[in-house]
Amino acid sequence: MQTPRESNAALSSSPPGLWSRLLHGRHGGVWLGLGLALGVGFVTRLALLIKAAGDVTWGFSLVAAFVWGLVFDLGAALWWLIPLALLLAVLPTGIFSRRWAWWTAHLGVFTAAQIGALTTTQIGALTTTQVPGFSSAGIAALSGTQIGVFSAAQVGVLTATQVAALEATDVAALTTTQIGGLTASQLGAFEATDVKALTTTSVAALTTTQLAGITATQLGVLAASQLGALSATDITALSTTQIGGLSAAQIAALSTTQVKAVETTDLAAFSTTQIGGLTTTQIAVLSTSQIKAVEATDLAAFSTTQIGGLAATQVAALTTGQIAALETTDIAALSAVQIGAITETQIPAFSETQIKAVSTTGIAGLTATQLDALTETQIAALTTSQVKAV
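Asker: Just to check I follow, could you spell out the overall build of the protein for this structure?
Answerer: A tally of helices and strands in the protein yields 38 helices and zero strands. Taking all 390 residues of the protein together, 37% fall into the buried category. Counting contacts in the protein only where the partners sit at least 6 residues apart, residues at least 24 apart contribute 79% of the total. For the protein, the exposed area adds up to about 19,200 Å²; of that, 64% sits on carbon and sulfur atoms.

Asker: Would you take a moment to explain the packing of aromatic side chains for this structure?
Answerer: Considering all chains together, one arrives at two aromatic pairs under this definition. Between Trp-68 and Phe-72, the aromatic rings sit 6.4 Å apart at their centres with planes inclined by 40°, giving tilted as the arrangement. With Trp-68 and Phe-72 both in helix H4 (residues 60–90) and four residues apart, this pair spans about one turn of that helix. Accessibility classification places Trp-68 together with Phe-72 in one group, the exposed group.

Asker: Would you mind showing me how to read the side chain of Asp-234 here?
Answerer: Tracing the backbone shows Asp-234 in helix H20 (residues 232–237). Among buried charged residues, Asp-234 stands out as having no salt bridge; its nearest opposite-charge side chain is Lys-260, 17 Å away. Leaving out residues up to four positions away in the same chain, Asp-234 has contacts with Leu-206, Thr-208 and Leu-211.

Asker: So what exactly am I meant to see when it comes to the side chain of Gln-370 here?
Answerer: Note that Gln-370 resides in helix H36 (residues 368–373). Judged by its relative accessible area of 3%, Gln-370 falls in the buried class. Looking at Gln-370, its side chain comes within polar contact range of the main-chain nitrogen of Thr-367, at 2.8 Å. In contact with Gln-370, other than residues within four places in its own chain, are Ile-339, Gly-340, Ala-341, Ile-342, Ile-347 and Gly-365.

Asker: How do you make sense of H4 when you look at a structure like this?
Answerer: What sets the pattern is the α-helix's 3.6 residues per turn: residues three or four places apart point alike. The end-to-end C-alpha distance of H4 is 44 Å, a good match for the 45 Å that 31 residues give at a rise of 1.5 Å each. Trp-79 marks where H4 bends most, by close to 40°; the proline Pro-83 follows one to four residues later. Regarding H4, the residues found buried are Leu-62, Gly-69, Asp-73, Ala-77, Leu-81, Leu-84 and Leu-88.

Asker: Teacher, can you tell me more about a nonpolar patch on the surface here?
Answerer: A cluster of nonpolar side chains, namely Phe-60, Val-63, Val-67, Trp-68, Val-71 and Phe-72, defines an oily patch on the protein surface of about 730 Å² accessible area. Its relative accessible area of 58% is what places Phe-72 among the exposed residues.

Asker: Please explain the environment of Leu-334 as it appears in this structure.
Answerer: With respect to the element layout, Leu-334 can be found in the loop between helix H32 (328–333) and helix H33 (336–340). Here Leu-334 falls in the buried class, since its relative accessible area comes to 9%. With sequence-adjacent residues up to four places away left out, Leu-334 is seen in contact with Ile-307, Ile-339 and Ser-359.

Asker: What is the right way to read the nonpolar core from this model?
Answerer: Phe-150 and Phe-190 are the most contacted members of the largest nonpolar core, which has 74 residues in total. Where this core is concerned, the elements lending two or more residues are helix H11 (160–165), helix H15 (192–197), helix H23 (256–261) and helix H34 (352–357). When near neighbours in sequence (up to four residues on either side) are disregarded, Phe-190 contacts Val-163, Leu-166, Val-171, Leu-182, Val-195 and Gln-218. Among the nonpolar cores identified, the runner-up in size contains six residues, and Val-30, Leu-34, Ala-77 and Leu-88 belong to it.

Asker: Can you walk me through the environment of Val-40 in this structure?
Answerer: Within the secondary structure, Val-40 is located in helix H3 (residues 28–51). Considering only alpha carbons, one finds Val-40 and Asp-73, 33 residues apart in sequence, at a separation of 9.3 Å.

Asker: Just to check I follow, could you spell out the confidence of the model for the protein for this structure?
Answerer: Close inspection of predicted coordinates is inappropriate for parts of the model with low pLDDT. Looking at the protein as a whole, its pLDDT mean stands at 85, while 87% of the residues score no less than 70. Every residue in residues 7–12 is under pLDDT 50, and counting partners more than four places away or in other chains gives two contacts.

Criteria and cut-off values
- Residues numbered from 1 in each chain as written.
- Predicted model: local features only at pLDDT ≥ 70, side-chain atom pairs only at ≥ 80, totals over all residues.
- Heavy atoms only, no water.
- Helix = DSSP H or I, 4+ residues; strand = E, 2+ residues; numbered from the N terminus.
- Buried < 20%, exposed > 50% of the residue type's maximum accessible area, 1.4 Å probe, protein only.
- Contact = heavy atoms within 4.5 Å.
- Areas by Shrake-Rupley, 256 points an atom, 1.4 Å probe, with all protein chains shown as cover.
- Phe/Tyr/Trp six-rings, centres within 6.5 Å; stacked < 30°, edge-to-face > 60°.
- Lys, Arg positive; Asp, Glu negative; His and termini not counted.
- Salt bridge = Lys/Arg side-chain N within 4 Å of Asp/Glu carboxyl O.
- Polar contact = N/O pair within 3.5 Å; in protein donor to acceptor, adjacent residues only side chain to side chain.
- Expected span 1.5 Å × (residues − 1).
- Bend = angle between axes of the 7 residues up to and from the residue.
- Patch = residues over 30% accessible without salt bridge, like charges linked within 9 Å, V, L, I, M, F, W, Y side chains within 5 Å.
- Core = buried A, V, L, I, M, F, W, Y, C linked by side-chain atoms within 4.5 Å.
- pLDDT = per-residue confidence, 0-100.

Rendered as structure tokens:
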């Protein structure tokens, strides 16, 4: 790989050797990287051999050890050099006449130590075309201080592999401006430990477009404080799949404002475990539309405490299917006020077993309109105590 000036100098000199031709060719950086990897591996093994000379059995087995070491070094080097070689093979020849392209190609073979040695001034001067040239190991080698000088534009061009290579401490150090440069797909590439490292300020700075890239698994690891940083608009924008990643404990940690912002389609997709996480305070703020959206099987999983948290207007909003799914223990836990809110349309949905579960206090509080709505079968199912209470 070369600039035009270097190419002219090479042509005017005596015929170059094989190594010189390789270095000055299109894949010069690849050959250089391969030579360095094999050379460093060999020198390291040789140094270790000299240090342990007194304990080593000298024989042909040492030759085999060095050969196998060479093979392993070659495999490791090719793992990250082959993609670079393929990229260089398909790029137009003229692209290397541009200095930014020349440097970008060479950044791909920089070692983690070399990248870690770059100053903040040098990093800040990198173009958005050069940044994707860093290896994932190079990104991982960057310190929080180095990461801190990345502009939003530089952060925005990091590849998914590079994003995944960021350390949790680096993610925690990202500013809101840098966070704003991330795309939805980049956010989706974060490791779970990295997502947990986001500050509440960073989470609050995320747009609904960015949040669309967060996976259900990533949402599932957010702490209560991080979830609390999401606005009502953010909660509304979450998909049913994303909402499905929240645990019962996370559901219980949502504020009443956030609970009110959950869409009916998302609430309908709640699992019975998630429904079990709702507190009575949260249940009390659910709208009648939200209450109707709760699946009958989920409502049946409500505890007596949760049932007790339903307001009269919410009870009146229950569908006949939801009424029919209520457990007898839940029916028995209904207060007189809640029983009094049941409409004449809902009453026929009660089974004989459910009618028997209504407390005598509840029966005594039935209005004439409610009593008229009882079917003959339901009346026949009333206990003697209930009949006395009418």
